Amino acid sequence: MPTQPVALVTGGSRGIGRGICIALAAEGYNVLINYNSNIAAAEDTLRTIEAAGGSGDLCQADIYHAEHRELLLDYCMENMGRLDMLVNNAGIAPPTRDDLLDMDEQSWDAVLDTNLKAPFFLTQAAAKIMIRQIRDKTIPRADIVNISSISAYAASVNRGQYCISKAGISMMTTLYAARLAEEGINVYEIRPGVIETDMTAGVRAKYDKLIREGFSPIRRWGTPEDVGKAVVAIARGLLPFSTGEIINVDGGYHLRHF
Ligand SMILES: NC(=O)c1ccc[n+]([C@@H]2O[C@H](COP(=O)([O-])OP(=O)(O)OC[C@H]3O[C@@H](n4cnc5c(N)ncnc54)[C@H](OP(=O)(O)O)[C@@H]3O)[C@@H](O)[C@H]2O)c1
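What this report covers is the structure whose coordinates are included nearby. Predicted, not measured: the structure shown is a model, and the values here were computed from it. (Residues numbered from 1 in each chain as written. Predicted model: local features only at pLDDT ≥ 70, side-chain atom pairs only at ≥ 80, totals over all residues. Heavy atoms only, no water.)

It is worth spelling out the environment of Val9 at this point. Checked against the element boundaries, Val9 lands in strand β1 (residues 6-9). Looking at Val9, the relative accessible area reads 0%, which means it is buried. Along the chain, Val9 and Gly237 lie 228 residues apart, while their C-alpha atoms are 18 Å from each other. Contact partners of Val9, with chain neighbours within four places excluded, come to Gly17, Ile20, Cys21, Leu24, Val31, Leu32, Ile33, Asn34, Val87 and Asn89. (Helix = DSSP H or I, 4+ residues; strand = E, 2+ residues; numbered from the N terminus. Buried < 20%, exposed > 50% of the residue type's maximum accessible area, 1.4 Å probe, protein only. Contact = heavy atoms within 4.5 Å.)

This is the structure in structure tokens:
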């Protein structure tokens, strides 16, 4: 059994996932970077980790498909030798922003299956592996981190399916936190605000203006590094008596303020 703890980060190739991978590797984790289609971005993330003295590996898997999720966990156990942390980060925005009254079932299915069904069942399978390792005393404890969004509670009427998927991630966190506490696994939700990534590149000008006008009390874009730091606090075991906790990484957007 390797002595180095292992973290599996879905969608670790770009954006927030990349920030999380780099931060966890700097913390001493051996990081399995999952990606779907952009192998160049995944390789770039791994190179950055290795250049800083860290270690990791890549695994292509489209988490939308059950068989890919199974292969991803098999790859992790066969090649990394253990699993201490799962970060459910991979997610998609709706292909187009349509009014709620025009949303079609196809985009509902694509977003809900990728953003909610996939992490739910990946977590279910990963938790069984973690439970086995903890019972065998091959790992001391494990953590699961779910990346939701301020969209879990803030209504965007032109991407309702995305909001519903993120609200679902919140309840998924509560459910797994309640079920897995007795197994030695803590579960956390990280709720990012507006973060500078490819996902938000198309709405850059809109949020530049909103942020300037006070959208969040901390008037700047969030970065993948901001989210990576929150995951590191969990990875360090600094929140041992907290589970099901929501960590807002949103510049204070969630505050009701004047
Ligand atoms: N950016 C924001 O402002 C913001 C705010 C709140 C929450 N979030 C959430 O944070 C997470 C990451 O967002 P981001 O902004 O970093 O997105 P991004 O820049 O679009 O990156 C998405 C990542 O997810 C991967 N991915 C997408 N679909 C996948 C699939 N079916 N299987 C495996 N990997 C898949 C991508 O892999 P490839 O590189 O192979 O395509 C990529 O690594 C998402 O859950 C998003 O909803 C983002």
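What follows deals with a nonpolar patch on the surface. Together, Leu100, Leu101 and Val157 give the surface a local cluster of nonpolar side chains, amounting to about 340 Å² of exposed area. Within the secondary structure layout, Val157 lies in the loop between β5 (142-147) and α5 (160-180). (Patch = residues over 30% accessible without salt bridge, like charges linked within 9 Å, V, L, I, M, F, W, Y side chains within 5 Å. Areas by Shrake-Rupley, 256 points an atom, 1.4 Å probe, with all protein chains shown as cover. Salt bridge = Lys/Arg side-chain N within 4 Å of Asp/Glu carboxyl O.)

Take the site of the ligand next. Taken together, the neighbourhood of the ligand is formed by 31 residues, with Ser13, Ser37, Asn89, Tyr162 and Thr197 sitting nearest. Within the backbone of Gly193, one N or O atom sits 3.4 Å away from an oxygen atom of the ligand. Taking 900 Å² as the accessible area of the ligand by itself, protein coverage stands at 94%. Among the elements that take part in the shell around the ligand, helix α6 (residues 198-201) stands out by supplying three residues, more than any other. Looking at side-chain class alone, the shell around the ligand contains twelve nonpolar, 15 polar and four charged residues. (Near = heavy atom within 4 Å. Polar contact = N/O pair within 3.5 Å; in protein donor to acceptor, adjacent residues only side chain to side chain. Nonpolar A, V, L, I, M, F, W, Y, C, P; charged D, E, K, R; others polar.)

Now for the layout of surface pockets. Of the pockets and cavities examined, the largest pocket occupies roughly 1,100 Å³. Around the largest pocket sit 50 residues that line it, and Gly91, Ile92, Ala93, Tyr162 and Met199 are the ones nearest its centre. When contributions to the lining of the largest pocket are tallied by element, the ones reaching two or more residues are α1 (15-26), β2 (30-35), α5, α6 and α7 (204-212). Looking at the lining of the largest pocket, its residues break down into 23 nonpolar, 20 polar and seven charged. Lining the second largest pocket are 15 residues; nearest its centre among them are Arg220, Gly222, Val249, Asp250 and Gly251. Along the lines of polarity and charge, the residues of the lining of the second largest pocket split into seven nonpolar, five polar and three charged. (1 Å grid on protein atoms, 1.4 Å probe; cavity = no way out; pocket = protein on both sides within 12 Å on 5 of 7 lines; lining within 4 Å. Points joined across faces, edges and corners; volume = space filled by probe spheres on them.)

Function cannot be inferred from these measures alone, as they are strictly geometric.
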